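Each chain, letter by letter, is given below.
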Amino acid sequence: MSNKLLIKNIKSLVQVREPEVLKVSGQDMKTLPCIENAWLAIDNGLIADFGSMSDFPGILDWKDLEVIDADGKIVLPCYADSHTHIVYAGNREGEFVDRINGLTYEEIFARGGGILNSAKRLHEATEDELFEQAMLRLREMISQGTGSVEIKSGYGLSVDSELKMLRVIKRIKDLNILPVKASFLGAHALPHNYKNDKQGYIQLIINEMLPIIAKEKLADYIDVFCEQNYFTPEETKLILEAGKKLGLIPKVHAEQMSHFGGIKVGVECNAISVDHLEYCNDEDIALLKQSETMPTVLPGAAFFLSLPLPPARKMIDAGLAVAFASDYNPGSSPSGNMNFMMSLGCVQYKLTPEEVINACTLNSAYAMHLSHEVGSIALGKKANFFITKPISSYAFIPYAFGSQLIESVYLSGIKQ
Ligand code: NIG
Ligand code: FE
């Protein structure tokens, strides 16, 4: 089926790049190339051409062509959400209320809640139930502008349940609605039954889980929660290296609750990204500058848990690229709304609208090896984009926090 689409009279076509620009760093993040009063042509799910209405060549072939008038509206590439945990069973609003009443995230975990609460519920859920719940979350994310996603395991914490999660992620990937990357996060927490045998659980990850996951090609990445009371930097390294040997690329949950060494290990293991970074210090920034690792800030988690803010401003001023992702999960960020992440980026982190849009599109696509395919308006890239309601400028999106400003979302040129 050839699906040909022409969008004309676009008030502003945002994030227009050469296809070979795969990320933007430092001062360059302040620039967001746009074409005002633009047109965009889609053919067979890909971006075929675009330009200014003043040079519009006219329509030569009307056959099978759908024309959309976007007068007063803005077109952006879809957000790339490079860090989510959307496969989970039920919610944890009870723990949310516990935190309002004074308990900390760490105290809730120490009582057997938190990740272990979700692990218990996930164990009891069927693959079909998990798939349906995850799809509801994904559909909402798409309606909010997300057009590519990374999804982690990590609420299984046993061979069977980790595989169950990864199979759900594979089912979502195989729907081919949008690009999906899978991360194996067996080292998310120590399960109850290994409470007194951490080494045993690490061996289970390395010797039992990883070989099956690699053989069945169930994951692209291997991730570890490197944190006090979870996994040490040494354990993180061991697990990441074991994954690497089987072809998985490292990612790390790093420096979220304390400065613990996750960034250093991530950089040493050539991680594609290190994520969270609340306690990232100047030495870490220097390490990141020598690497290809994408520092990824998760504004929803820092907001929801009232954590100190990751030094995103300082990182960009030091010349680093920064990506944003939602961290959508039931405990620390029950939202996958990247528009809200951008508002947080502007208000709390003092990033400009240009910087947050770069962080949520091209740089976050880079953080899951997808920036050759999505994350900007570029010739030959996937036609994953959204059209806003009539708005005054792209800065209105982070400004009008909480508003739903997206009118329609297209994935591979197909309206969702
Ligand atoms: O990215 N930090 C570790 N893991 C998740 C939270 C998991 C949970 O609370 O369920 C995160 O914030
Ligand atoms: Fe996470």
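Predicted, not measured: the structure shown is a model, and the values here were computed from it. (Residues numbered from 1 in each chain as written. Chains lettered and ligands numbered in written order. Predicted model: local features only at pLDDT ≥ 70, side-chain atom pairs only at ≥ 80, totals over all residues. Heavy atoms only, no water.)

*Asks:* Quick question: what am I supposed to make of the sheet that holds strand 10 (residues 249-254) here?
*Replies:* In a beta sheet, neighbouring strands pair by backbone hydrogen bonds and run either parallel or antiparallel. Reading across from one edge, 6-7-8-9-10-11-12-13 is the order of the eight strands in this open sheet, with parallel pairing throughout. The sheet is open, and its two edges are formed by strand 6 (79-81) and strand 13 (323-324), each paired on a single side. Both strand 12 (residues 294-297) and strand 13 contribute to a ladder of two bridges, which runs parallel. When the sheet's bridge partners are listed, Thr296 is paired in strand 13 with Ala323. Along the sheet, helix 5 (residues 159-174) contacts strand 7 (146-152) and strand 8 (180-187); its crossing angle with strand 8, the most-contacted strand, is approximately 175°. (Pairing = 2+ DSSP bridges. Helix = DSSP H or I, 4+ residues; strand = E, 2+ residues; numbered from the N terminus. Contact = heavy atoms within 4.5 Å. Axes fitted to C-alpha atoms, helices over the stretch in contact; angles between N-to-C directions.)

*Asks:* I'm lost on the site of ligand 1 in this one. Help?
*Replies:* By nearness alone, 15 residues border ligand 1, and Tyr105, Tyr155, His188, Gln256 and Ser332 come closest of all. Between ligand 1 and Arg92, the relevant distance is 2.8 Å, taken from an oxygen atom to a side-chain nitrogen or oxygen of the residue. His276 places a side-chain nitrogen or oxygen 2.9 Å from an oxygen atom of ligand 1. Burial of ligand 1 by the protein chains amounts to 100% of its free accessible area of 330 Å². Taken together, the residues of the shell around ligand 1 break down into four nonpolar, nine polar and two charged. (Near = heavy atom within 4 Å. Polar contact = N/O pair within 3.5 Å; in protein donor to acceptor, adjacent residues only side chain to side chain. Areas by Shrake-Rupley, 256 points an atom, 1.4 Å probe, with all protein chains shown as cover. Nonpolar A, V, L, I, M, F, W, Y, C, P; charged D, E, K, R; others polar.)

*Asks:* What is the right way to look at the coordination of the iron ion (ligand 2) in this model?
*Replies:* Each donor-metal-donor angle would ideally measure 109.5 degrees in four-coordinate tetrahedral geometry, or 90 or 180 degrees in six-coordinate octahedral geometry. Distances from the iron ion (ligand 2) to its protein donors, namely His83 (NE2), His85 (NE2), His253 (NE2) and Asp327 (OD), fall within the range 2.1 to 2.4 Å. Here the donor residues of the iron ion (ligand 2) share one chain and are spaced in sequence as H-x1-H-x167-H-x73-D. Placement of His85 in the loop between strand 6 and helix 1 (93-100) and of His253 in strand 10 is noted, with a sequence separation of 168 residues between them. Since its relative accessible area comes to 2%, His85 is described here as buried. (Donors = N, O, S within 2.8 Å, 3.2 Å for Na, K, Ca; no water. Buried < 20%, exposed > 50% of the residue type's maximum accessible area, 1.4 Å probe, protein only.)

*Asks:* Would you mind going over the packing of helix 5 against helix 6 (residues 198-215) with me for this structure?
*Replies:* For any two helices packed against each other, the geometry is given by the interaxial angle and the distance between the axes. Two numbers describe how helix 5 lies on helix 6: the axes approach to 10 Å, and their chain directions differ by 35°. Both helix 5 and helix 6 take part in a crossing whose hand is right-handed. Contacts between helix 5 and helix 6 involve Val159, Glu162, Leu163 and Leu166 from the former and Leu204, Glu208, Met209, Ile212 and Ile213 from the latter. Within the contact of helix 5 with helix 6, the residues separate by chemical class into seven nonpolar, no polar and two charged. (Left-handed = near helix turned anticlockwise from the far one by under 90°.)

*Asks:* Whenever I open this one, helix 9 (residues 282-289) confuses me. Can you help?
*Replies:* Each α-helix turn comprises 3.6 residues. Residues three or four places apart therefore point the same way. Restricting attention to buried positions, one finds in helix 9 the residues Asp284, Ile285 and Leu288. Down the axis, helix 9 shows its buried residues gathered within 100° of arc, on one side only. Buried-residue contacts for helix 9 involve helix 8 (262-268), strand 11 (273-276), strand 12 and helix 11 (312-317). The backbone nitrogen of Glu283 lies 3.1 Å from a side-chain oxygen of the residue at the head of helix 9, namely Asn281. (Arc of directions from axis to C-beta.)

Everything listed is a geometric property; what it means functionally is a separate question.
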